[in-house]
Amino acid sequence: MFDYFCIMDHLLPKVEIDPSAGFCSGVKRAIEATEQLLSQPDDVFCLGEIVHNEAELERLNNLGMKILNREKDNTGDIKGRIIIRAHGEPPSTFERLQAEGTTVVDATCPVVIRLQQRVKKASAEMMEARGSVIIFGKPGHPEVQGLLGNSSGNAIVIRAVEELDRIDLTRPLRVFSQTTSDLGAYNKFCEAILAGAAKASGEKSDVIINQTVCSQMSRRGPGIEQFALSHDVIVFVSGSGSSNGKYLSGISKAKNSRTYVVTDTGQVKPEWFVNALSIGVSGATSTPVWLMHQVAGEITRMIKND
Ligand code: SF4
């Protein structure tokens, strides 16, 4: 726990960084692999944003990392090493890069790799049984694309209970979630699919639910709830494109209306801290700890100057 507490004046609010905030292990591992590559001479590229945080991307960019657009950039022209980020990629991406003679550094999170393997195995079984693999997640999300690529083409991506009518509930079904889905929403979806299959086929229904929401994600929801309740003001640091940041800051706002979301120190405002005795700084699983320290330092500077 990191405290920015002025011992000179105990009336100044206490500024605390959420001890559970910061990179998940998969993102941390991918960033460390990138830093290692950047310390060597050859160019380093990442296929898509390595993390959804502008400040961290800028830091890595300043060290020499370049980001490739997954859809638009022609990887065949690349001379250097290409990192596969923690979300993973479908097998077709690896095959293409290999055919192009690119040096690939695979930083796919081990949790995502295990999920890809399970989806692949279940897809083969469902081909035989004339059933389907269901992936609860966001269509087009890179992790989901990687899972689809491992599914021999017989997986259906669903993002909400309302889409249940797209599934033939009389068939065998193997259900998985994207690792970053909201656990509560996934549980609701699973209840609905089990109920629907039981209604359609009774005892003959053949649905297996796999609990594949990453525990590092699911723990953060209850964690930010408690953190938001135990501080007068929350400053939530997140990249503007981070869906995890939107989700966690939404939970914080629901528990503490004095929650403010910032991307960096420049957005922090002194008027937020009027009459506050405790200020919490938290962030998404894509927010670097160094950035939260910067924001905490800026808040401390503001309240001292008040
Ligand atoms: S959220 Fe979990 S599965 Fe996804 S990259 Fe992080 S550690 Fe890996």
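Residues numbered from 1 in each chain as written. Predicted model: local features only at pLDDT ≥ 70, side-chain atom pairs only at ≥ 80, totals over all residues. Heavy atoms only, no water.

1. Examining the domain arrangement of the chain
In terms of domain boundaries, the chain breaks down into domain 1 (2–23 + 218–305), domain 2 (25–108) and domain 3 (111–213). Inter-centroid distance (C-alpha atoms) of domain 1 to domain 2 is 30 Å. Counting from both sides, the interface comprises 13 residues of domain 1 and, opposite them, 11 residues of domain 2. Summed over both partners, the interface of domain 1 with domain 2 buries about 840 Å², with 60% contributed by carbon and sulfur atoms. Per-residue buried area on domain 1 facing domain 2 is highest for Phe23, Ser286 and Trp290; these three make up 57% of the total on that side. Viewed at the interface, domain 2 and domain 1 are joined by zero salt bridges. Run the count over domain 1 and domain 2 and you get two residue pairs in polar contact (both at pLDDT 80 or more). Taken together, the residues that form the side of domain 1 that touches domain 2 break down as four nonpolar, nine polar and no charged. (Domains from an automatic or database assignment. Contact = heavy atoms within 4.5 Å. Buried area = accessible area lost by both parts, 1.4 Å probe. Salt bridge = Lys/Arg side-chain N within 4 Å of Asp/Glu carboxyl O. Polar contact = N/O pair within 3.5 Å; in protein donor to acceptor, adjacent residues only side chain to side chain. Nonpolar A, V, L, I, M, F, W, Y, C, P; charged D, E, K, R; others polar.)

2. Some thoughts on the environment of Ser25
The residue Ser25 is located in helix 1 (residues 25–38) in this model. Between the alpha carbons of Ser25 and Ala86 there is a distance of 9.5 Å; along the sequence they are 61 residues apart. A distance of 2.7 Å separates the side chain of Ser25 from the side chain of Gln216, its partner in a polar contact. (Helix = DSSP H or I, 4+ residues; strand = E, 2+ residues; numbered from the N terminus.)

3. Focus on helix 10 (residues 289–305)
For helix 10, spanning 17 residues, the distance from its first C-alpha to its last is 24 Å, which sits close to the expected 24 Å at 1.5 Å a residue. For helix 10, the complete set of buried residues consists of Leu291, Met292, Val295, Ala296, Glu298, Ile299, Thr300, Met302 and Ile303. (Expected span 1.5 Å × (residues − 1). Buried < 20%, exposed > 50% of the residue type's maximum accessible area, 1.4 Å probe, protein only.)

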